[in-house]
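What follows is each chain in one-letter form.
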Amino acid sequence: MDYLKSLNEPQYEGVVNTDGPTMIIAGAGSGKTRVLTFRIAYLIEKKGVDPFNILALTFTNKAAKEMRDRIEKVVGTEARNLWMGTFHSVFARILRAEADKLGYPSNFTIYDADDSKQLIKTIVKELNLDDKVYKPNVVFNRISGAKNRLISWKEYLRNPVYKADDESNMKPELGRIYKIYSERCFKAGAMDFDDLLFNTNVLFKDHLDVLNKYQQRFHYVMVDEFQDTNISQYLITKKLSAVRQNICVVGDDAQSIYAFRGADIQNILNFEKDYSDLRVIKLEQNYRSTKTIVNAANSIIDKNRAQLKKNVWTDNEDGTLIELLKATSDNEEGKLVASSIFEEKMQNQLKNSDFAILYRTNSQSRAMEEALRRMNIKYKIVGGLSFYQRKEIKDLMAYLRFAINHNDEQSLRRIINYPKRGIGDSSVDKIIVAANDHNMGLWDVLNNISSFLPGRAANAVIDFVALIKRFKYDIESKDAYEAASLIAKGSGILKELYADKTVEGLSRYENVQELLNAVKEYVDDPEKEDKSLGAFLQEIALITGVDNDKDDDEEKVTLMTIHMAKGLEFKNVYIVGLEEDLFPSQMMLSSRADLEEERRLFYVAITRAENKLFMSYALSRYRFGRLKNCEPSRFIDEIDPMFIKVSKKYTKKEPTVDTNNYTKSFVSGMRKTTTSQPVVRKTSYKPSADFEPSDTSGLQAGMKVEHPKFGYGMVMEMDESGANRKAKVNFNDFGEKTLLLSFAKLKIHSN
DNA sequence: GACTCCGATCTTTTT
DNA sequence: GATCGGAGTC
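Residues numbered from 1 in each chain as written. Chains lettered and ligands numbered in written order. Predicted model: local features only at pLDDT ≥ 70, side-chain atom pairs only at ≥ 80, totals over all residues. Heavy atoms only, no water.

If you check an unreviewed UniProt entry, chain A appears there as DNA 3'-5' helicase from Fulvivirga marina.

So this is what it looks like as structure tokens:
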């Protein structure tokens, strides 16, 4: 139990008081994860609790994995039997086991947000409603909000408050859309993200025997990031722990940043009311950051009115002042940040992985990436458009999904005529309408297609059905990897992509291969119990941006949104784009509560930094494809000025609308790439206007060079064998490609 | 049914 | 800047 000695007083309390309801309010950097991991280790080691009886819920798979690894270090491989995962993955697992009780097939599909919005779009169209009034996003958010507050479509239609509300918003049909949407999902054997929680609640409410079973199983329930739970999640955990009352929630109201998704800060405030014998522990000592950073963060969060009383302090050194960088344009901001990283690295012997650049919106990454590439600083982007959102990946996934669940409407729409097989939109519509009118399953309609479609189209459908049956057979008789490969081939996707010889087509082909590799990896992973294709698909459906950074150990600067950064820490942090309307976002400024959420977001960003914090803003920025002038964010003024110094490196010229369209030409090079994977961006490099090959007589290995097409690279070795002198040059912009190039096109950049 | 072209629309964060 | 859908054509 040596690890107990390393804890401070409140941390120790949090670890050893394992029984009864407990709430741990953990300030930023106060060792929250340590307490949680030690608490679980303590339960297993000291109390002799079987890991099988412990349930720990997190928000990201990454957090779950990290915690499991840390516990494993203390207690050994026993930790593998813990029930630990995200809310969505744990309850998806339970729902699969109990699906029949709700009338769902156990191989139900999980709809992602795209699937949901697509379905809403079709429904709005079918109802002949105006899609400008019933925008998929708006409708989806409304339905999602209802589900997160456990309001079923029946309740929604019944309750006059919602009706009046919708009517005053000129959207009286929302209840009807909600109803049809729910019915269609049910018919398709599909649940969306919110359903995973909503249906768990239904399951526990209507089937007390099931609830009882899980109440008996989970002797101890723990919830991480409690401030980000919504009502639906809160009720599940409350029910599960109702018998033994061993519930422990850990959170920080100051870091609640998901109210937009239904997270309810009231959960924290109400927790005391729900449990009269609640033990509250406050972790207030920050071990992560310098005094400057802690105090600056405090000066920000003090502006919020809705918060619990808490005094976050630190014993660490004062540290340096926060440096404020001022740029004229977003590109310039990138350059300032990149060169600042370069300098800091040199001066303080830091590694790339000691740095993070945090921004409010994903689109801000572009200017940063460009600048970092130009300075040859390696970086990785966390989140953004993920691999699994790419079209070619979704296409193959739709085949896999449909081969498992033949009623999955959204997957069917994706694949029935891709690759082209002569089944057009009107045929597809007829199929769906037939299924709804005759109250048949989609698969039944497809199997009796000749009663619904004329000959030519019907024949195409018959071939398609045969294809799917073959795939189903493959899945049942082969392992997941072989089956997926056969489907990729048999569907014609591989052939279709292989025929496309453009750079983008090639990369799409490679991506499909990459997905197959992922299946192979999954099959070969000894830690996975269920190796079926269905299990793989479920894992993929619930994966998040932060989870799939394979090259974690590589020396790279991390770029991500502030939302993704929650729970992480870095030596040096750059918060960029501190401009009014961007951060705080103009979409959040309609109410005071929203501004407070933005402020908490800013607080989260600041408290990621251990040693040194930089902030920057630009006076002009590309937005909506146009260059706009910007003003510094109000948040800068809210920090006590004694913590800030303005960098001298800011550019002196007055901001003007930047006509340099470097960004434009850079982007046009990749216009046809519908999928932008940020890490390895395969695009032609736009040289500086004044690019000219330089005298390369003195070229040697180790020198940096510039090439008009490939950008900056490092000379690896010289090749004097041929008639022309050539050099092997490594371009990390091109995914670490090494190319043999003639001297004639190279410009020596530096050595 | 397939294809092409044009214009409207939307750009906050994510399980 | 990118995507989606509609209109028009073959």
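Peer 1: Whenever I open this one, the UniProt feature "domain: UvrD-like helicase ATP-binding" (unreviewed entry) in chain A confuses me. Can you help?
Peer 2: With numbering matched to this structure, UniProt assigns "domain: UvrD-like helicase ATP-binding" (unreviewed entry) to residues 5-290. Helix makes up 52% of residues 5-290 and strand 13%, with an end-to-end C-alpha separation of 24 Å. (UniProt positions renumbered as here; feature names shortened; annotations may be inferred. Helix = DSSP H or I, 4+ residues; strand = E, 2+ residues; numbered from the N terminus.)

Peer 1: Would you mind showing me how to read the pattern of salt bridges here?
Peer 2: Side-chain pairs of opposite charge can arise whenever the charged atoms involved come near each other. Applying the stated criterion across every chain yields a total of 46 salt bridges. Lysine 147 serves as the salt-bridge partner of aspartate 195, at 2.9 Å between the closest nitrogen and oxygen. You can see aspartate 195 sitting in helix H10 (residues 193-206) and its partner lysine 147 sitting in helix H6 (residues 136-148), a full 48 residues away along the chain. Since its relative accessible area comes to 6%, aspartate 195 is described here as buried. With a closest N to O distance of 4.0 Å, lysine 478 and aspartate 474 form a salt bridge. On the basis of relative accessibility, which here comes to 32%, the residue lysine 478 falls in the partly exposed class. The network of salt bridges with shared partners includes Lys32, Asp224, Glu225, Asp228 and Lys566. (Salt bridge = Lys/Arg side-chain N within 4 Å of Asp/Glu carboxyl O. Buried < 20%, exposed > 50% of the residue type's maximum accessible area, 1.4 Å probe, protein only.)

Peer 1: Whenever I open this one, the packing of H10 against helix H12 (residues 231-240) confuses me. Can you help?
Peer 2: Between two packed helices, what matters for the description is the angle formed by their axes and the separation of those axes. Taken N-terminus to C-terminus, the directions of H10 and H12 make an angle of 35 degrees; their axes are 9 Å apart at the nearest point. The element H10 and its partner H12 pack so that their crossing is left-handed. On H12, the residues that touch Leu197, Phe198, Thr200, Asn201, Phe204 and Lys205 of H10 are Ser232, Gln233, Leu235, Ile236, Lys239 and Leu240. Among the residues making up the contact of H10 with H12, the classes are represented as 6 nonpolar, 4 polar and 2 charged. (Axes fitted to C-alpha atoms, helices over the stretch in contact; angles between N-to-C directions. Left-handed = near helix turned anticlockwise from the far one by under 90°. Contact = heavy atoms within 4.5 Å. Nonpolar A, V, L, I, M, F, W, Y, C, P; charged D, E, K, R; others polar.)

Peer 1: I'm lost on the sheet that holds strand S15 (residues 570-575) in this one. Help?
Peer 2: Where strands meet in a sheet, backbone hydrogen bonds hold them as pairs that are either parallel or antiparallel. In spatial order, the strands read S13-S14-S12-S15-S16-S11-S19; together these 7 strands make up an open sheet with parallel pairing. Among the strands making up the open sheet, the edge pair consists of strand S13 (379-381) and strand S19 (644-646). On average, adjacent strands in this sheet sit at an angle of 25 degrees to one another, irrespective of strand direction. Where strand S11 (residues 322-327) meets S19, 3 bridges bridge the pair, whose relative direction is parallel. For glutamate 323, the partnering residue across the bridge sits in S19 and is lysine 645. Strand contacts of helix H16 (residues 365-374): strand S12 (355-359), S13 and strand S14 (557-561), with the helix running at about 160 degrees to S13, the strand carrying the most contacts. (Pairing = 2+ DSSP bridges.)

Peer 1: Would you mind showing me how to read the sheet that holds strand S7 (residues 247-251) here?
Peer 2: The 6 strands lie next to each other as S3-S2-S6-S7-S1-S8, forming an open sheet whose pairing is parallel. Sheet topology places strand S3 (83-86) and strand S8 (279-283) at the edges, where each strand pairs with a single neighbour. On average, each strand axis in the sheet is inclined to that of its neighbour by 15 degrees, with strand direction left out of account. Across the sheet, helix H1 (residues 9-16) touches strand S1 (22-26) and S8, and the angle it forms with S8 is around 140 degrees.

Peer 1: Before we go on, may I ask you to explain helix H9 (residues 174-187) in this structure?
Peer 2: It helps to recall that an α-helix has 3.6 residues per turn; residues three or four apart then point in one direction. End to end, H9 covers 20 Å across 14 residues, agreeing with the expected 20 Å (1.5 Å per residue, within 8%). What H9 keeps buried is the set Leu174, Gly175, Ile177, Tyr178, Ile180, Tyr181, Ser182, Arg184 and Cys185. One or two steps after H9, the chain reaches glycine 189, where phi turns positive at roughly 65 degrees. (Expected span 1.5 Å × (residues − 1).)

Peer 1: Please explain the environment of threonine 229 as it appears in this structure.
Peer 2: With respect to the helices, strands and loops of the structure, threonine 229 is situated in the loop between strand S6 (220-223) and H12. Linking threonine 229 and asparagine 148, residues 81 residues apart in sequence, is a C-alpha distance of 9.9 Å. Leaving out residues up to four positions away in the same chain, threonine 229 has contacts with Phe59, Phe87, Val223, Ala263, Asp264 and Asn267.

Peer 1: It is not clear to me how the packing of aromatic side chains should be interpreted in this structure. Could you clarify?
Peer 2: When we look at a pair of aromatic rings, we describe it by the centre distance and by the angle of the planes. Evaluated as defined, the whole model comprises 25 aromatic pairs. With 5.0 Å between their ring centres and 45 degrees between their planes, phenylalanine 271 and tyrosine 275 make a pair best called tilted. Residue class for phenylalanine 271 comes out buried when judged on its relative accessible area of 0%. Residue tyrosine 275 is classed as buried on the basis of its relative accessible area, which comes to 3%. If you follow arginine 93 out to its NZ or CZ, it ends over the ring of tryptophan 83, 4.1 Å from the centre. In this structure, arginine 261 is placed above the aromatic ring of tyrosine 258, and the distance from its NZ or CZ to the ring centre is 4.4 Å. (Phe/Tyr/Trp six-rings, centres within 6.5 Å; stacked < 30°, edge-to-face > 60°. Lys NZ or Arg CZ within 6 Å of the ring centre and 35° of its normal.)

Peer 1: Honestly, the pairing of strand S16 (residues 609-618) in this entry has me stumped. Any pointers?
Peer 2: The two faces of a sheet get side chains in turn, since along a regular strand they alternate between them. When you tally the buried positions in S16, you get 9 out of 10 residues, the bulk of the element. Sheet topology places S11 next to S16; 5 bridges connect them, and they run parallel. Residue pairing for S16: lysine 326 is matched across the bridge by tyrosine 617. Sheet topology note: the S15/S16 ladder contains 5 bridges and is parallel.

Peer 1: Which parts of the structure should I look at to understand the environment of leucine 174?
Peer 2: As for its placement among the helices and strands, leucine 174 is situated in helix H9. The residues touching leucine 174, leaving out its near neighbours within four places in the chain, are Tyr134, Val139, Arg142, Tyr156 and Asp166.

Peer 1: Please clarify how the packing of helix H24 (residues 503-524) against helix H25 (residues 533-541) should be interpreted in this entry.
Peer 2: The N-to-C vectors of H24 and H25 enclose an angle of 115 degrees; their axes lie 11 Å apart at closest approach. Relative to H25, H24 is oriented roughly perpendicular. Seen along the crossing, H24 lies across H25 with a hand that is right-handed. Here H24 contributes Leu515, Ala518, Val519 and Tyr522 to the contact with H25, which in turn contributes Leu533, Ala535, Phe536 and Glu539. Residue composition of the contact of H24 with H25, grouped by class: 7 nonpolar, no polar and 1 charged. (Parallel < 35°, antiparallel > 145°, perpendicular 65-115°, else oblique.)

Peer 1: Got a minute to help me understand the nonpolar core in this structure?
Peer 2: Within soluble globular proteins, side chains that are nonpolar generally end up buried alongside one another. One finds Leu396, Ile431 and Leu446 to be the most contacted residues of the largest nonpolar core, which totals 57 residues. Broken down by element, this core gets its largest block of residues, 10 residues, from helix H21 (residues 455-477). The residues contacting leucine 396, other than those within four sequence positions of it, are Ile487, Ala488, Ile493, Val512, Leu515 and Leu516. If you look at the next biggest cluster of nonpolar residues, it comprises 44 residues, including Ala254, Leu358, Tyr603 and Ile644. (Core = buried A, V, L, I, M, F, W, Y, C linked by side-chain atoms within 4.5 Å.)

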